[in-house]
Amino acid sequence: MNALEVRKLEVWYGQIHALHGVDIDVEHGRITTLLGANGAGKTTLLRTISGLVKARSGSITLAGAPIAHLEPHQIVARGISQSPEGRQVFPNLTVWENLQLGAWTRTDKAGIAADIERIVKIWPRLGERMKQPSGTLSGGEQQMLAIGRAMMARPKVLLLDEPSLGLAPVIVAGIFETIQAINAEGVTVLLVEQNAHLALRIAHTGYVLETGIIKQSGPAKELLDDDAIRAAYLGG
Amino acid sequence: MTLFLQQLINGLSLGAIYALIALGYTMVYGTLQLINFAHGEVYMMGAFAALYLARFLGVDTNPTIPGVIVVAVGAMTFCAVLGMTIERVAYRPLRRSSRLNMLITAIGVSLLLQNVGLLAFGALQSFPSLLPEAKWQIADGLALRSQDVLTFSVTIALMLGLHHIVERTQIGRAMRAVSHSRDTAALMGIPVDRVVSFTFAIGSVLAGAAALLIALDKHTIRPDMGMTGGLKAFVAAVLGGIGSIPGAVAGGLLLGLAETFVSGYLASTYRDAIAFLLLIGILLYKPSGLFGKSTVEKV
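Let me sum up the structure you'll find in this document.

Reading the values: rules and limits
Residues numbered from 1 in each chain as written. Chains lettered and ligands numbered in written order. Predicted model: local features only at pLDDT ≥ 70, side-chain atom pairs only at ≥ 80, totals over all residues. Heavy atoms only, no water. Core = buried A, V, L, I, M, F, W, Y, C linked by side-chain atoms within 4.5 Å. Buried < 20%, exposed > 50% of the residue type's maximum accessible area, 1.4 Å probe, protein only. Helix = DSSP H or I, 4+ residues; strand = E, 2+ residues; numbered from the N terminus. Contact = heavy atoms within 4.5 Å. Polar contact = N/O pair within 3.5 Å; in protein donor to acceptor, adjacent residues only side chain to side chain. Pairing = 2+ DSSP bridges. Axes fitted to C-alpha atoms, helices over the stretch in contact; angles between N-to-C directions. Left-handed = near helix turned anticlockwise from the far one by under 90°. Nonpolar A, V, L, I, M, F, W, Y, C, P; charged D, E, K, R; others polar. Expected span 1.5 Å × (residues − 1). Buried area = accessible area lost by both parts, 1.4 Å probe. Salt bridge = Lys/Arg side-chain N within 4 Å of Asp/Glu carboxyl O. Parallel < 35°, antiparallel > 145°, perpendicular 65-115°, else oblique.

1. Describing the nonpolar core
Residue and element names in this part refer to chain B. Counting residues in each nonpolar core, the largest one holds 87 residues, and the members touching the most others are Tyr-43, Ile-86, Tyr-91, Phe-127 and Ile-190. The biggest single contributor to this core is helix H8 (residues 192-218), with 14 residues. Apart from the residues within four sequence positions on either side, Tyr-43 is in contact with Ile-17, Ile-21, Ala-207, Ala-210, Ala-211, Ile-214, Met-225 and Gly-226.

2. Describing the side chain of Ser-164 of chain A
Residue and element names in this part refer to chain A. Position of Ser-164 among the secondary structure elements: in the loop between strand S7 (157-161) and helix H7 (169-184). Under the relative-accessibility criterion, Ser-164 is labelled buried at 10%. A distance of 2.9 Å separates a polar atom in the side chain of Ser-164 from a polar atom in the side chain of Glu-193. The contacts of Ser-164, once residues within four sequence positions are left out, are Val-172, Phe-176, Glu-193 and Asn-195.

3. Examining the sheet that holds strand S1 (residues 2-13) of chain A
Residue and element names in this part refer to chain A. With respect to topology, four strands assemble into an open sheet ordered S2-S1-S4-S5, the strand pairing being antiparallel. Edge strands, defined here as strands with exactly one partner in the open sheet, are strand S2 (16-27) and strand S5 (65-66). Pairing between S1 and strand S4 (residues 57-62): five bridges, direction antiparallel. Among the inter-strand pairings, Glu-5 is bridged to a residue of S4, identified as Thr-61.

4. Looking at the packing of helix H1 (residues 2-32) of chain B against helix H10 (residues 245-266) of chain B
Residues and elements named next belong to chain B. Orientation of H1 relative to H10, taken along the N-to-C sense of each, is 145°, at an axis distance of 6 Å. Judged by the sense of rotation from one axis to the other, the crossing of H1 with H10 is right-handed. Per-class residue counts for the contact of H1 with H10 are 19 nonpolar, nine polar and one charged.

5. As for helix H6 (residues 139-151) of chain A
Its 13 residues place the ends of H6 of chain A 18 Å apart at the C-alpha level, agreeing with the 18 Å of an ideal helix rising 1.5 Å per residue. Within H6 of chain A the residues assigned to the buried category are Gly-140, Glu-141, Gln-142, Gln-143, Met-144, Leu-145, Ala-146, Ile-147, Gly-148, Arg-149, Ala-150 and Met-151 of chain A.

6. Concerning the interface of chain A and chain B
Chain A puts 28 residues into the contact, and the matching count from chain B is 24 residues. Summed over both sides, the interface between chain A and chain B buries roughly 2300 Å², with carbon and sulfur atoms accounting for 62% of that surface. Counting across the interface, chain A meets chain B through two salt bridges. Among the ionic pairs, Glu-97 of chain A bridges to Arg-176 of chain B, the shortest N-O distance being 2.9 Å. Our count for the chain A to chain B interface comes out at four residue pairs in polar contact (both at pLDDT 80 or more). Secondary-structure elements contributing two or more residues to the side of chain A that touches chain B are helix H2 (72-78), helix H3 (95-102) and H6 of chain A. Sorting elements by how many residues they give to the side of chain A that touches chain B places H3 of chain A first, with five residues. Looking at side-chain class alone, the side of chain A that touches chain B contains twelve nonpolar, twelve polar and four charged residues.

7. Notes on the sheet that holds strand S3 (residues 31-35) of chain A
All names here are of chain A. The six strands are arranged S6-S7-S8-S3-S9-S10 in an open sheet whose pairing can be described as mixed. Two strands close off the open sheet at either side, each with one partner strand: strand S6 (80-83) and strand S10 (213-219). Averaged over neighbouring strand pairs, the angle between their axes works out to 15° when direction is ignored. Alignment of S3 against strand S8 (residues 188-193), held across five bridges, turns out to be parallel. Looking at S8, one finds that Ile-31 is bridged to Val-189.

8. Description of the pairing of S2 of chain A
Residue and element names in this part refer to chain A. Bridge analysis of S1 against S2 gives eight bridges, and the strand direction is antiparallel. Residue pairing across strands places Glu-5 opposite Asp-25, the latter belonging to S2. The loop that links S1 with its antiparallel partner S2 comprises two residues; one of these, Gly-14, has a positive phi angle of about 60°.

9. Examining the pattern of salt bridges
Across all of its chains, the model carries 25 salt bridges over all chains by this definition. A salt bridge links Glu-141 of chain A to Arg-125 of chain A; the shortest N-O distance between them is 3.2 Å. Of this pair, Glu-141 of chain A sits in helix H6 while Arg-125 of chain A is found in helix H5 (residues 124-128), placing the two residues 16 residues apart along the sequence. Taking the shortest distance from any N to any O, the salt bridge between Arg-145 of chain B and Asp-217 of chain B comes out at 3.0 Å. Separated by 72 residues along the polypeptide, Arg-145 of chain B in strand S3 (residues 142-145) and Asp-217 of chain B in helix H8 bring together distant segments of the chain. What makes Arg-145 of chain B partly exposed here is its relative accessible area of 23%.

10. Quick look at the environment of Gln-132 of chain A
Within the secondary structure, Gln-132 of chain A sits in the loop between H5 and H6. Aside from chain neighbours lying at most four places away, what touches Gln-132 of chain A is Leu-93, Thr-94, Val-95 and Leu-137 of chain A.

11. Here's the deal with the packing of H1 of chain B against helix H6 (residues 170-180) of chain B
Residues and elements named next belong to chain B. Relative orientation of the contacting elements H1 and H6 amounts to 60°, with a least axis distance of 6 Å. Taken together, the axes of H1 and H6 are oblique relative to one another. Contacts from Met-27, Gly-30 and Thr-31 in H1 reach Met-175, Val-178 and Ser-179 in H6. Per-class residue counts for the contact of H1 with H6 are three nonpolar, three polar and no charged.

12. Points about H8 of chain B
Residue and element names in this part refer to chain B. Look at H8: 39 Å from first C-alpha to last across 27 residues, which is about the 39 Å you get at 1.5 Å a residue. In terms of residue burial, H8 counts as a mostly covered element, since 22 of its 27 residues are buried. With its phi angle positive at about 60°, His-219 sits one or two positions after the end of H8.

Structure below.
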C-alpha cells in the first residue's frame, strides 16, 4: 500500500488555478521526489497535504484514510510532519524550544528527551546551540533544526520543502545524507526540490510538476537519464 | 522629597493597573495582529461581575477573606469566558478576512458592551470595601495605603505567573510560536485556534484582576471605565512596543508615573494630555515602542 496518495487534486488561490488534477503516489518506506521550477505548485501541494491550503476537489489519503478534510494539527497527529520552505524556525525561541514544539502531539517526556539526544548525535552543532535563539543560527543549522523539529513528531511521512535552498554544496550533501539515513530507519519521505540532480540521486520515484500539472513521473533512475528532464532541470 | 515619593507610590500603583490591562492588548496583538478594542470593556465587565458576585454571596455586607477570594476568582473567570466568547463569536469568523474588518468589529463589540453596561448597570455604582483598609503615615505628606500594597503584590504575583506560563510551559512556547507564524505553528501540530483562545483568556483574567484592584481602590465603577482605562492601557502597550510583554509592563508603569507626576507637579488637568503626548512622541521618534521587536531572522 502507498503511504500517501493524492488523487485528482484541484487547488485554487482565489482566481489562480494552482494545481490541476494532480495524482501522486508516495510509496511506503521510500523517498519520492517532486521536481519543478519556481511557481510550479510544489509548495502548494505540500501545503495542501499538510492542510494549510484546502483543495477545491480531489482526495488525499494517508495509509488509505482520507485526510483532506482535517485541520493541520490533526494531520500532524495522524503522522505527517513537514519541514517548510525557507525553514521557518521560530527565531525568538531557542533550539531546544523549537524541538520541543516539534513534539507537540506527543506526551512521552522520556521519548522526547531521547529523540532530542538522537538529533544532537546527528548534528552535534545543534547540541552546542541548544539554548540559543534559533534566529542566531546559520542557514545550514536552521535547516538541520527544521528537519529535526519535523522528526520530533515521529512522523510516518516526512514532507521536506526545498531543504537545499540557499545552502553551500558541502552542507547540502550532509543534509541529503541525513535524509537518506532518516528514510533508512523506515520514515517515508516526500522531497520537494529544485535541485533535480541531487533529489533524483537519493529518490526512488520522481514526479515533475509544471504549472500545476504532473508532466512526467517514473523511477528516479529513468528520470535521471531522460533527455527532456536533463535539458529542463539538470542543465543539459 | 516627600511629594516625590508620594507621587512615586501613586504612579506605580496606577501604572500597575495600566500594565495589567496593557498585557491583554499586547498578547492579543502578538497572536492576531489585532488591536482588541473590546478589551477595555472586558475590564469594565470584570468590575461589575465582582460587584454582583459580592452582592449575591453577601460578601459586600459581610466581607471575609475566603469570600473575597471567591469574588476575585469568579470575576476573573467571568472575564476569561467573556474574552474567549468575544474571540469565538466576533473575531474567529473573520480570521481570513482583512485586518481592517477585524478592527472595525472590535470597535463594534466595544461599543456594544459599553452600552449594554450602561443599560444594565446605570451610570455609576459604588463598590463596597471588601478588605480592611489602612493608611500608614511614613512621614509628613507621605502615606502608604493598604490598597497600594495590595495592588503591587497582586500585580507582581500575576506577572511572575504570566512569565512562568509564557517562558516555561509548552502552551507558552506555543503562544510565542503562534505569534511568529500561525501556519508554521500549525505544522507543529499546535491547535492554533485553541492557543488564540487561551491567549484571550489569559489577557482577560489579567484585566479582571485589574478591574477588581481599581474597584477596591476607588470604590466607584462605571460602564465607561473601560473606555478611558482601556485607551490609556492601549497607549501603554504602544509605548512599550505592542506585542512585547515586558514592553507592556514598562509602558504601563511609565504612563502611570508620567500621569501622577504631571498632576502632582503641574496640574491634574494635564493628566490625560500627557498620555497622548507620550503616544505622539513615541510614534514620531520610535514607532516600534521602547521594547519594539527587531526580530533576528536569517534567510
